[in-house]
Amino acid sequence: MKTLEQDGVFIPLLGRFVKGNREMAAPVKLRIILGENDSQRLILPGGMPETVIELVQEIKRQCGVDGDFRLQFMDVEFGNEFTNLVSMSDIQDKSSIKVIFNSVTPTQPDGTPPSLYSAAASRTLNDSSSLSSAGSSFDTDILSSPESTSSRSTVWPIVFPMPRFAYDSQLQLDRANAAFKETGALLNPDTKLKSAVLDGLAETIVQYKVYLSDREFDEAAEALVTANPCLKEPGSVTGYGGWKTSLKYKLANYRTKLRRLGCPEVTVNALTHKPESKCSPAYGVKKPKKAEVNYCPTYPAGETPETLEEIRVALLSEVKKRNNEHKLAAMMDKTFALRRQEVVSEAPMIADFKMRWPALFNVREVSTEFKRITTIHLQSKFFSELDVHSANLMKAYAKKGGVQGKQIKTIMAPITKTDTIEVRRECILKGLCVYLNEDPDKLVKQYLDVDESTQMAIAETVFGIFVIRQEGAEPGDDPADVGIVLEGVEVMSELGNVAFAVVMLLGLVYALNLSYPQELKYTFEVLQKSIMELDANKLSNKAQVLKTLLSR
């Protein structure tokens, strides 16, 4: 919020604010295009930078982009074609800016090398040395896998796609649909046709997930009778209730078939993996609960647990080397299924898992692991959506009264003194906790660098972010350290600011298959479903009320 300070009182202004004798320009918003289907909103609270170099630095800082690049702007004088940006006078508020990387290979906004995702920018791993530290003789050519070892590449669709069934079955349906349009006659399918339809639906469903919610069964069954109105059930309220029930049984039988074939997503729930005292199919079912697309993927073609374990052991030595990020990224991608099955089926302690997979616990790999699991870019998606909703969130906070309202005002106070994007995001995230009647101190724990008990307090933290500040520091000053603690283990540090640490914490929750802590469940539900838009259709009452406010 822009304000005018008079005698220590801040008065809101429109468009700009004055502090002392210094006048500052109105905030500016730019659309930064980072790649195909990847753009981000850039907010400049202090107005437009004076030079292109300053704009480049701001893009690097806010969008997390590294490397050498130039900028292009959408030139209206040439049919909105992109033209190299050489002067800031060529752009204005809400202009579209495209990032063009030069010959030096850049880093994507989520920390992922584009060489893993773009064939045009790919580099070959021509390191001919064998991974001798693991005592193995296989060559690094095994790392030249496709761009991802994940078995799925998309989330559950908004509109379920109807498959083409077997030729004879589709022929019967086409004729019955034509008859329905002419006479309104419904089809009573025989056992063979019904089985063929259910088989086709099941095969399409498992391309997205093998465990469906009741809502998703509704969507699939409704899509069936919408595409084939001749299959509507007379006397049914919805017209597809029987199809929904039959589809549930068919998918259960299909999972049995997949279990026999060794599909890890199903075998992880086999009775042989459950304690004898609770040997029931309904006990402790391990399935996606946070919209994971690749929850427990299969091993890459031609790979076994033994071959992937050799790569994991080799990673222990490779992670200690310098300037080999691309090789590490390829090895981590190759071993994704092994790592994921270990996390899902064994639920190891954080300390043990960090010793086995030290390469995972850095910004680049946490972001990449999140994308493997959800197919969504972590940093760019989170920050762009958070910035989009910031204004509405602050309006909702301002309407809050009572004790919560006073606490939110105290949390938002640093924005009136230092309105940087990092401070603004931190205040909004802390305010979100209070708005949802949760304690922000459970998420972010503040310490002073002179406090001798800091390390002991961090070691006692089960889940959260620690911030170490210098004694006497102002709200806008950079903290001495920002990191993440899980089960008393400092898993990440030097993250720069609280908002970025929250993003990394969310990524680690997915990468390590963690549950949200009970005291912060609504905050993380909003971050997942409203900000990241993962499984956004089913929300708690608190999250739904807030989502309604944000959509206005």
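One can find the structure itself at the top, above this paragraph.
Residues numbered from 1 in each chain as written. Predicted model: local features only at pLDDT ≥ 70, side-chain atom pairs only at ≥ 80, totals over all residues. Heavy atoms only, no water.

(A) Looking closely at the layout of surface pockets. Reported here for the largest pocket is a volume of approximately 1,500 Å³. Contributing to the lining of the largest pocket are 50 residues, with K289, K290, A291, Q528 and D535 lying nearest its centre. Listed by contribution, the elements that provide at least two residues to the lining of the largest pocket are α4 (214-227), α9 (336-346) and α17 (521-531). (1 Å grid on protein atoms, 1.4 Å probe; cavity = no way out; pocket = protein on both sides within 12 Å on 5 of 7 lines; lining within 4 Å. Points joined across faces, edges and corners; volume = space filled by probe spheres on them. Helix = DSSP H or I, 4+ residues; strand = E, 2+ residues; numbered from the N terminus.)

(B) Broad picture of the pairing of strand β12 (residues 481-486). The buried count for β12 comes to 6 of 6 residues, which makes it a mostly enclosed element. Pairing of strand β11 (residues 463-469) with β12 involves 6 bridges; the strand directions are antiparallel. Across the sheet, G464 pairs through a bridge with V485, a residue of β12. Where β12 lies against strand β13 (residues 489-492), 3 bridges are found, and the strand directions are antiparallel. Each bridged residue has a counterpart across the sheet, and for V485 the counterpart in β13 is E490. (Buried < 20%, exposed > 50% of the residue type's maximum accessible area, 1.4 Å probe, protein only. Pairing = 2+ DSSP bridges.)

(C) How the structure looks around the sheet that holds strand β9 (residues 96-101). Reading across the sheet, the 5 strands line up as β6-β5-β9-β7-β8 and stay open at both edges, with mixed pairing between neighbours. The sheet terminates laterally at β6 (38-44) and β8 (81-84), the two strands that pair on one side only. This sheet shows a mean twist of 35 degrees between the axes of neighbouring strands, independent of strand direction. Of the pairings in the sheet, the one linking strand β5 (residues 28-35) to β9 comprises 3 bridges and is parallel in character. Each bridged residue has a counterpart across the sheet, and for I33 the counterpart in β9 is K98. (Axes fitted to C-alpha atoms, helices over the stretch in contact; angles between N-to-C directions.)

(D) Here's a closer look at the pairing of β11. Of all 7 residues making up β11, 7 are buried, and the element is well covered by its neighbours. Here β11 shows two buried faces, one formed by F463, I465, V467 and R469 and the other by G464, F466 and I468. With 5 bridges connecting them, strand β10 (residues 444-448) and β11 associate as parallel partners. For K445, the partnering residue across the bridge sits in β11 and is F466. Handedness of the β-α-β unit built from β10, helix α15 (residues 454-459) and β11 comes out right-handed. (Right-handed = clockwise from strand over helix to strand, strands pointing away.)

(E) Region of interest: the sheet that holds β11. Spatial ordering of the open sheet is given by β10-β11-β12-β13, a layout of 4 strands whose pairing is mixed. Lying at the two open borders of the sheet, with one neighbouring strand each, are β10 and β13. Between one strand axis and the next, the sheet turns by 35 degrees as a mean value, whatever way the strands run. Together, β10, β11, β12 and β13 form the strand contacts of helix α16 (residues 498-511), whose direction differs from that of β12 by roughly 25 degrees. (Contact = heavy atoms within 4.5 Å.)

(F) A look at the packing of helix α2 (residues 167-183) against helix α3 (residues 191-205). Two elements in contact, α2 and α3, have axes separated by 10 Å at closest approach and are oriented at 105 degrees. Comparing the axis directions of α2 and α3 gives the class roughly perpendicular. For the pair formed by α2 and α3, the contact residues are D168, S169, Q172 and L173 on the first element and K192, L193, A196 and V197 on the second. Here the contact of α2 with α3 is built from residues that sort into 4 nonpolar, 2 polar and 2 charged. (Parallel < 35°, antiparallel > 145°, perpendicular 65-115°, else oblique. Nonpolar A, V, L, I, M, F, W, Y, C, P; charged D, E, K, R; others polar.)

(G) Up close: the packing of aromatic side chains. Taken as a whole and judged by the stated rule, the model has 9 aromatic pairs. A ring pair is formed by F382 and F383, whose centres lie 5.7 Å apart and whose planes are at 85 degrees; its orientation type is edge-to-face. On the basis of relative accessible area, F383 is assigned to the buried category, the value being 5%. Cluster of aromatic residues (ring-pair linked, three or more members): W156, F160 and Y208. Of note, K290 hangs over the ring of Y516, and the distance from its end group to the ring centre comes to 5.8 Å. Taking NZ or CZ as reference, R339 lies 4.9 Å from the ring centre of W357, over its face. (Phe/Tyr/Trp six-rings, centres within 6.5 Å; stacked < 30°, edge-to-face > 60°. Lys NZ or Arg CZ within 6 Å of the ring centre and 35° of its normal.)

(H) Structural view of the nonpolar core. Counting residues in hydrophobic clusters, the biggest one holds 80 residues, and the most contacted among them are F382, I465, I484 and L486. In terms of residues, this core owes the most to one element, α16, which gives 13 residues. Two domains share this core, each providing at least three of its residues, namely domain 3 (305-374) and domain 4 (378-551). Not counting the four nearest positions on each side in its chain, I484 is found in contact with G464, I465, F466, V489, E490, V491, M492, L495, A501, M504, L505 and L508. If you look at the next biggest cluster of nonpolar residues, it comprises 32 residues, including A176, F217, A223 and V266. (Core = buried A, V, L, I, M, F, W, Y, C linked by side-chain atoms within 4.5 Å. Domains from an automatic or database assignment.)

Distances and angles like these do not, on their own, reveal function.
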